[in-house]
Amino acid sequence: MWDDAFPSFLIGLREGLEGGLIVSILVATLVRAGARSRLPQVWTGVLAAIALAMSFGAVLTFTAASLSATAQEAFGGALSVVAVAFVTAMVFWMRRSARGLSGEIKEKVTGALGMGAGVLILTSFLAVGREGLETALFLWTTARAAGESVGPLTGAGIGLVLAAGLCWGLYRRVLKINLTKFFTATGVVLIVIAAGVLGYGLRDLQEGGVLPGRAAYAVDLGGSVDAGAWYSTLVQGVLNLTPTMTWLQVIGYAGYLAVVMTLFVRGVRTTKPAPATAPPGATTSEAGTPAASRSGASGRTRPAWVVPVAVVAVPAVVAGLVVALGRPKPAGAQTVAVSETECGKGFTAPRPGRQTFRMRNTGSKTSEVYLIDPATNAVYGEIEGLAPGTTRDLAATVAGGGYAWRCVPTGGTAVTSRTVRVGGGAGATAVVPVSEQDLATPLKEYQQYVERGLTTLVAQTGRLDADIQGGDLAAARTDWLTAHRTYSSLGAAYGTFEDFDKRINGRPDGLPGGVDDKDFTGFHRIEYGLWHGQSADRLKAPARQLADDAAGLRKAFPTQAFDPGDLPLRAHEILENTLQFELTGQADQGSGTELATADANLAGTQELLTVLAPLLTSRAPHLLPIVDADTARLRGLLDAAHHGNAWTPVNRLDALTRARLDGATGQLLEDLAPVPDLLEIRKSA
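In this text, all values refer to a predicted model and were calculated from it rather than measured experimentally. (Residues numbered from 1 in each chain as written. Predicted model: local features only at pLDDT ≥ 70, side-chain atom pairs only at ≥ 80, totals over all residues. Heavy atoms only, no water.)

Draft legend 1. Spatial organisation of the overall build of the protein chain. Each helix and strand in the protein chain was counted, giving 21 helices and 13 strands. In the protein chain, which comprises 685 residues, the proportion classed as buried is 48%. Summed over its atoms, the accessible surface of the protein chain is roughly 30,500 Å², and 59% of this surface lies on carbon and sulfur atoms. (Helix = DSSP H or I, 4+ residues; strand = E, 2+ residues; numbered from the N terminus. Buried < 20%, exposed > 50% of the residue type's maximum accessible area, 1.4 Å probe, protein only. Areas by Shrake-Rupley, 256 points an atom, 1.4 Å probe, with all protein chains shown as cover.)

Draft legend 2. The arrangement of the sheet that holds strand β4 (residues 343–345) in detail. Ordered by their spatial adjacency, four strands build an open sheet running β4-β3-β5-β8, and the pairing between neighbours is mixed. A strand with exactly one partner marks an edge of an open sheet, and here the two such strands are β4 and β8 (391–398). The average undirected angle you get between the axes of adjacent strands in this sheet is 35°. Relative to β4, strand β3 (residues 335–338) runs antiparallel, the two being bridged by two bridges. For Val-338, the partnering residue across the bridge sits in β4 and is Cys-343. (Pairing = 2+ DSSP bridges. Axes fitted to C-alpha atoms, helices over the stretch in contact; angles between N-to-C directions.)

Draft legend 3. Here's a closer look at the side chain of Arg-525. Relative to the helices and strands, Arg-525 is located in helix α15 (residues 523–530). Those residues within four positions of Arg-525 in sequence are excluded, and the remaining contacts are Val-515, Phe-520, Gln-534, Arg-538, Leu-539 and Pro-542. (Contact = heavy atoms within 4.5 Å.)

Draft legend 4. A look at the pattern of salt bridges. Per the counting criterion, the structure on display carries ten salt bridges. Between Arg-507 and Asp-509 there is a salt bridge; the shortest N-O distance is 3.5 Å. For Arg-507, a relative accessible area of 27% puts it in the partly exposed group. Among the salt bridges present, the one from Asp-566 reaches Arg-570, with a minimum N-O distance of 3.6 Å. With Asp-566 and Arg-570 both in helix α17 (residues 566–582) and four residues apart, the pair spans about one turn of that helix. We classify Asp-566 as buried; its relative accessible area is 16%. Looking at Arg-570, the relative accessible area reads 12%, which means it is buried. Salt bridges sharing common partners tie together Arg-485, Asp-599 and Arg-635. (Salt bridge = Lys/Arg side-chain N within 4 Å of Asp/Glu carboxyl O.)

Draft legend 5. Representation of the pairing of strand β6 (residues 367–373) in the model. Extensive coverage of β6 is indicated by the burial of seven of its seven residues. Pairing analysis gives six bridges linking β6 to strand β7 (residues 378–386), with the strands arranged antiparallel. Directly across from Tyr-370, in β7, lies its bridge partner Glu-382. Counting the residues that bridge the hairpin from β6 to β7 gives four residues, and of these Asn-377 lies at a positive phi of roughly 70°. Where β6 meets strand β9 (residues 401–409), six bridges bridge the pair, whose relative direction is antiparallel. Its bridge partner being in β9, Val-369 is matched across the sheet by Cys-407.

Draft legend 6. Looking closely at the confidence of the model for the protein chain. Summarising the model, the protein chain shows a mean pLDDT of 78, and 76% of its residues fall at 70 or more. Contacts from residues 273–300, a stretch scored under 50 in pLDDT, to residues over four places away or in other chains number 40 contacts. The low-confidence segment residues 326–332, where pLDDT is below 50, has 13 contacts with residues more than four positions distant or belonging to other chains. (pLDDT = per-residue confidence, 0-100.)

Draft legend 7. Representation of the side chain of Thr-461 within the structure. Tracing the backbone shows Thr-461 in helix α12 (residues 440–469). A relative accessible area of 1% means that Thr-461 is categorised as buried. Once you skip the residues sitting within four places of it in the chain, Thr-461 turns out to touch Ala-483, Phe-523, Leu-546, Ala-547 and Ala-550.

Draft legend 8. Just the packing of aromatic side chains, in detail. One pass over the full model with this rule turns up ten aromatic pairs. Ring centres of Phe-347 and Phe-357 lie 6.1 Å apart, and the angle between their planes is 75°; this geometry places the pair in the edge-to-face category. Of this pair, Phe-347 sits in the loop between β4 and β5 (353–361) while Phe-357 sits in strand β5, placing them ten residues apart in sequence. The burial state of Phe-347 is the same as that of Phe-357; both residues are buried. Where Tyr-446 meets Phe-562, the ring centres are 6.3 Å apart and the plane angle is 85°; that geometry is what we call edge-to-face. Within this pair, whereas Tyr-446 is found in helix α12, its partner Phe-562 is found in the loop between α16 (536–556) and α17, the two being separated by 116 residues in sequence. There is no split in this pair, since Tyr-446 and Phe-562 are both buried. Against the face of Phe-500 rests Arg-503, its NZ or CZ located 4.6 Å from the ring centre. We note Arg-507 situated over the ring of Phe-581; from NZ or CZ to the ring centre the distance is 4.1 Å. (Phe/Tyr/Trp six-rings, centres within 6.5 Å; stacked < 30°, edge-to-face > 60°. Lys NZ or Arg CZ within 6 Å of the ring centre and 35° of its normal.)

Draft legend 9. Expanded view of helix α6 (residues 150–171). The first and last C-alpha atoms of α6 sit 31 Å apart over 22 residues, in line with the 32 Å expected at 1.5 Å per residue. Of all the residues in α6, the buried ones are Gly-151, Pro-152, Gly-155, Ala-156, Gly-159, Ala-163, Leu-166, Cys-167, Gly-169 and Leu-170. The buried residues of α6 occupy an angular sector of 155° when projected down its axis, which confines them to one face. More than 90 degrees from the buried face of α6, the exposed residues found are Leu-153, Val-161 and Trp-168. (Expected span 1.5 Å × (residues − 1). Arc of directions from axis to C-beta.)

Draft legend 10. Fine view of helix α13 (residues 473–488). With 16 residues, α13 should cover 22 Å at 1.5 Å per step; its first-to-last C-alpha distance of 22 Å lies within 8% of that length. Restricting attention to buried positions, one finds in α13 the residues Leu-473, Ala-476, Asp-479, Trp-480, Leu-481, Ala-483, His-484, Thr-486, Tyr-487 and Ser-488. The inward-facing, buried residues of α13 abut α12, α14 (499–505), α15, α16, α18 (594–619) and β13 (646–647).

Draft legend 11. Summary view of unusual backbone geometry. In the Ramachandran plot, Asn-377 falls in the positive-phi region, its phi being about 70° despite a non-glycine side chain. Take Asn-377: it is sitting in the loop between β6 and β7.

Draft legend 12. Inspection of the environment of Ala-58 at higher detail. Along the chain, the position of Ala-58 falls in helix α2 (residues 39–65). Spatially, the C-alpha atom of Ala-58 lies 9.2 Å from that of Ala-136, the residues being 78 residues apart in sequence.

Draft legend 13. Quick look at the packing of α15 against α16. Taken N-terminus to C-terminus, the directions of α15 and α16 make an angle of 155°; their axes are 9 Å apart at the nearest point. With respect to their mutual orientation, α15 and α16 come out roughly antiparallel. Where α15 crosses over α16, the two elements pack in a sense that is left-handed. Between α15 and α16, the contacting residues are Phe-523, Arg-525, Ile-526, Gly-529 and Leu-530 on the first element and Arg-538, Leu-539, Pro-542, Ala-543 and Leu-546 on the second. Grouping the amino acids of the contact of α15 with α16 by side-chain chemistry returns seven nonpolar, one polar and two charged. (Parallel < 35°, antiparallel > 145°, perpendicular 65-115°, else oblique. Left-handed = near helix turned anticlockwise from the far one by under 90°. Nonpolar A, V, L, I, M, F, W, Y, C, P; charged D, E, K, R; others polar.)

Now the structure itself:
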């Protein structure tokens, strides 16, 4: 949290000090001019500026929350770039203006004193409002980059409180600060932070599909730092430097830093040193008393609280209207009835944007319900198993096009509603449905792959058995690893192996006798014996049983049921198990070959993705190139731990290498996460 708080602390301190100095000068000028009665006008403008900034932050938060995931990335990226522009302008402006800020504000106040209350309110509002809007935008951007709001808000709060204290000290003449040096030093730090925000924003624009090069990685910072170490977390939190950065991010970061920092430093060197800054209150009055007298002489035509309340309430009310008018219709605004004979009763053309529909099953059968594009059968949203008499909400993003409801009752025929047309709008994402027939070819290809692998496995376990029966334990260790890697590469079929998988690859976890339990068999039983000094005689029976089980599995596999819906699920599950067991060392029984197993699991995942590639390419053309890049990174890390016939055990890896492996596997898992949803079998009849 504190790593995420520092950028916001710095922006809160700088912007707070800027705004606070302006307010201090305004107050000091009025006090020295004998116009204390005009102070409420200053505070009214300040409160209005604060209300506007907070309302702006609320509108940003609501707007982002109401967008689709892709649109959120694009929206956040665009605002990150805008925030960088504001911060850059603010840094250069304050570098130029710090020395003459007091005189400039006094001049404006002097003019405002003679022009009535409204002008003075406007002067303070404009002077503080810019800092407030910049702070709100930068805070929203940093909170989004951090993925949480507690740290950024805490940092900003501390910065603002400290700025207020400094301004009070300056006003009371108990502090002296060289503002030119202060704003120069913090400006340098802010430029570095802004470069990171720009890189993060460019990445968001790539994720949102606005900019190209999403999978074109230029650098992997995880390769040189421990992603879990405190210093890595600090760098990521403060500078927004992530373990993987694309070419566009690197170019944007380096280019911004080189150009802006050069211009800033050059400007500092060519600026003459400023004299020591005097406290805002240590000045003589430039404003004459006649203006103050006119103000004091004017009669009040309304209560003193009316204007402050109005200027604070108006921005809040406007923000509330924006949120209220931009909010989708309540769930109860459109209730859609479904049954086995009628689907979509009550459905009318919705407005574009994020919508929630209340689906009520008025029939007597449980039904699957889909919001579809009737021209392509693409699915925008779905409810599985809507029971009779029940009501559930379905949320979907609606854009321009045709929409209809499709209801598939259990044991019944699909019913499709009439089509409605929606005009305008963009950002809706539909999934082209997958049927069992679509998965038939990939399933057949993968079954053939497994059958070939099982044939190889039978031969390899036969050699392992022969090694142990002959007492050649050195050869047995080599042949054990070869056979185990072959079995591990068949991961997507584990669910169809029934009890064979437990006998062939079961671990002692949970067995009453542990490694000595009679039910502990298969590869890991033999592994334990080979690497814990057990004799060949003790391993003969487990080796013979393993060979028999492998042969039994090859014979039984063609007759075993293989659910085609398992294929998309396994694309993610194989590596989930790898991260949980192999990369933690939990599966190791002494051989130290967990990374060899992880490598085989990765090969099995690649084979599965190969047979699924035609379906994935037509539904998410950008997914496989990203997954391929992730796979290449993980493969390179695994290869680095492979030395001839030996593999580095996980428990001997340094912390940096383990963090890199975990990070690369986690990234690949994240990018594989959409596969089950993209290829989920959806009923159509």
